[in-house]
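# Fold and geometry: a report
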Amino acid sequence: VRERTLVAIKPDGVQRRLIGQVIKRFEQRGFQLVGLKMLQVSEELLSQHYASLHRKPFYPSLLRYMTSGPVVAMVWEGHNVVKSTRLLVGNTNPAEADPGTLRGDFSIHISRNIVHASDSPEVAQKEISLWFQRSELIDWECCD
Ligand code: CMP
């Protein structure tokens, strides 16, 4: 199934100069980039994005972290891209993430885990429409 997913390089990933490394992994896998922007994320967007986490004890520090610098938001398209992205990114907790995954290779702590990726096709659709305008997503001819 051809799908789209939201991937966001979090402030720690941007500050640590990992943008290129993240994009490289998606490109070398063969996924297609259909949206890309750098932004300072608003608390309002985060509040919607993390609606299910408002009551978690770590929510205030999550907000501080996610607003501590710019984020690079991307939409990747391709066959089963949602599941493949979760595997490329690795477990939410970097201590549990396999070597070879982005988190397994570049992070050690759950509160600084480099990237966000949508966890299901339904969530991906919601997140993409929250983070991107339709006009910011490009339909371009690709490969399969
Ligand atoms: P992500 O899965 O992208 O979205 C929810 C985020 O909350 C998660 O990444 C972590 O950055 C953060 N998070 C989840 N659990 C914890 C935790 N126990 N302590 C701190 N941050 C957490």
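Residues numbered from 1 in each chain as written. Predicted model: local features only at pLDDT ≥ 70, side-chain atom pairs only at ≥ 80, totals over all residues. Heavy atoms only, no water.

## Topic: the pattern of salt bridges
The cut-off we apply is this: Salt bridges, as used here, are contacts in which a Lys or Arg side-chain nitrogen is within 4 Å of a carboxyl oxygen on Asp or Glu. Numbering of helices and strands runs from the N terminus; a helix is a DSSP stretch of H or I covering at least four residues, while a strand is a stretch of E covering at least two. To sort residues, take the accessible area from a 1.4 Å probe on protein chains only and compare it with the maximum for the residue type: under 20% means buried, over 50% means exposed, and anything in between is partly exposed.
Counting across every chain of the model gives 5 salt bridges. One salt bridge in this structure joins Lys37 and Glu136, with 3.0 Å as the shortest N-O distance. Placement of Lys37 in strand 2 (residues 32–39) and of Glu136 in the segment after helix 7 (121–131) is noted, with a sequence separation of 99 residues between them. The partly exposed category is assigned to Glu136, whose relative accessible area is 30%. Through salt bridges with shared partners, one network takes in Arg2, Arg4, Glu77 and Asp139.

## Focus on the side chain of Asn113
Threshold: Under this definition, polar contacts are N or O atom pairs within 3.5 Å; protein pairs additionally need one hydrogen-donor-capable and one acceptor-capable atom, and for neighbouring residues in sequence, both atoms have to be side-chain atoms. Contact between two residues is taken to exist if any of their heavy atoms lie within 4.5 Å; hydrogens are not considered.
Mapped onto the elements of the fold, Asn113 is located in the loop between helix 6 (102–106) and strand 4 (115–117). At 3.2 Å, the side chain of Asn113 and the backbone oxygen of Thr92 are in polar contact. In this view, Asn113 contacts Lys10, Asp12, Tyr65, Thr92, Pro94, Arg103 and Ser107; residues no more than four positions away in its chain are not counted.

## Considering the UniProt feature "active site" (unreviewed entry) in the chain
Counted only if it meets this: UniProt positions are given in the numbering used here, feature names are shortened, and annotations may be inferred rather than shown by experiment.
Mapped onto this numbering, the UniProt entry annotates "active site" (unreviewed entry) at His116. Relative to the helices and strands, His116 is located in strand 4. Given the relative accessible area of 13%, His116 is considered buried. Contacts of His116, omitting those with residues within four sequence positions, involve Leu6, Val7, Ala8, Lys10, His49, Arg103 and Glu127.

## As for the UniProt feature "domain: Nucleoside diphosphate kinase-like" (unreviewed entry) in the chain
UniProt records the feature "domain: Nucleoside diphosphate kinase-like" (unreviewed entry) for residues 2–139 in the present numbering. A helix fraction of 41% and a strand fraction of 20% characterise residues 2–139, whose end C-alpha atoms lie 13 Å from each other.

## What to know about the packing of aromatic side chains
Applicable threshold: What counts as a ring pair is set by centres within 6.5 Å for rings of Phe, Tyr and Trp (its six-membered ring), and what kind of pair is set by the plane angle: stacked under 30 degrees, edge-to-face over 60, tilted for all other angles. Cation placement over rings: the criterion is NZ of Lys or CZ of Arg within 6 Å of the ring centroid and within 35° of the ring normal.
Inspection of every chain in the model, using the stated rule, returns 1 aromatic pair. Measuring from centroid to centroid gives 5.2 Å for Phe26 and Trp76, while their planes differ by 20°, and the two rings are stacked. Note that Phe26 is positioned in helix 2 (residues 19–29) and Trp76 in strand 3 (residues 71–79), a separation of 50 residues in sequence. The residue whose ring lies beneath Lys37 is Phe132, and the NZ or CZ to ring-centre distance is 4.6 Å.

## A closer look at the pairing of strand 1 (residues 2–9)
Test applied: By the convention used here, strands pair only if DSSP detects at least 2 bridges between them.
Most of strand 1 sits out of view: 6 of its 8 residues are buried. Where strand 1 lies against strand 3, 8 bridges are found, and the strand directions are antiparallel. Residue pairing in the sheet places Arg2 in a bridge with His79 of strand 3. Where strand 1 and strand 4 come together, 3 bridges link them in antiparallel fashion. The residue of strand 4 that forms the bridge with Ala8 is His116.

## Considerations on the packing of helix 2 against helix 5 (residues 81–89)
Helix-helix packing is described using two parameters, namely the angle between the two axes and the distance between the axes. To keep it simple, the criterion reads: Orientation is described by lines fitted to C-alpha atoms, with helices fitted over the stretch in contact, and by angles between N-to-C directions that extend from 0 to 180 degrees. Working rule for angles: under 35 degrees goes down as roughly parallel, over 145 as roughly antiparallel, 65 to 115 as roughly perpendicular, anything else as oblique. Note on convention: near helix rotated counterclockwise from far helix by under a right angle means a left-handed crossing. Clockwise means right-handed. Think of it as three bins: nonpolar holds Ala, Val, Leu, Ile, Met, Phe, Trp, Tyr, Cys and Pro, charged holds Asp, Glu, Lys and Arg, and polar takes everything else, Gly as well.
Orientation of helix 2 relative to helix 5, taken along the N-to-C sense of each, is 135°, at an axis distance of 11 Å. When the interaxial angle is binned, helix 2 and helix 5 end up oblique. At the point where helix 2 passes helix 5, the crossing takes the right-handed sense. Contacts from Arg25, Phe26 and Arg29 in helix 2 reach Ser84, Thr85, Leu88 and Val89 in helix 5. Class assignment of the residues belonging to the contact of helix 2 with helix 5 gives a composition of 3 nonpolar, 2 polar and 2 charged.

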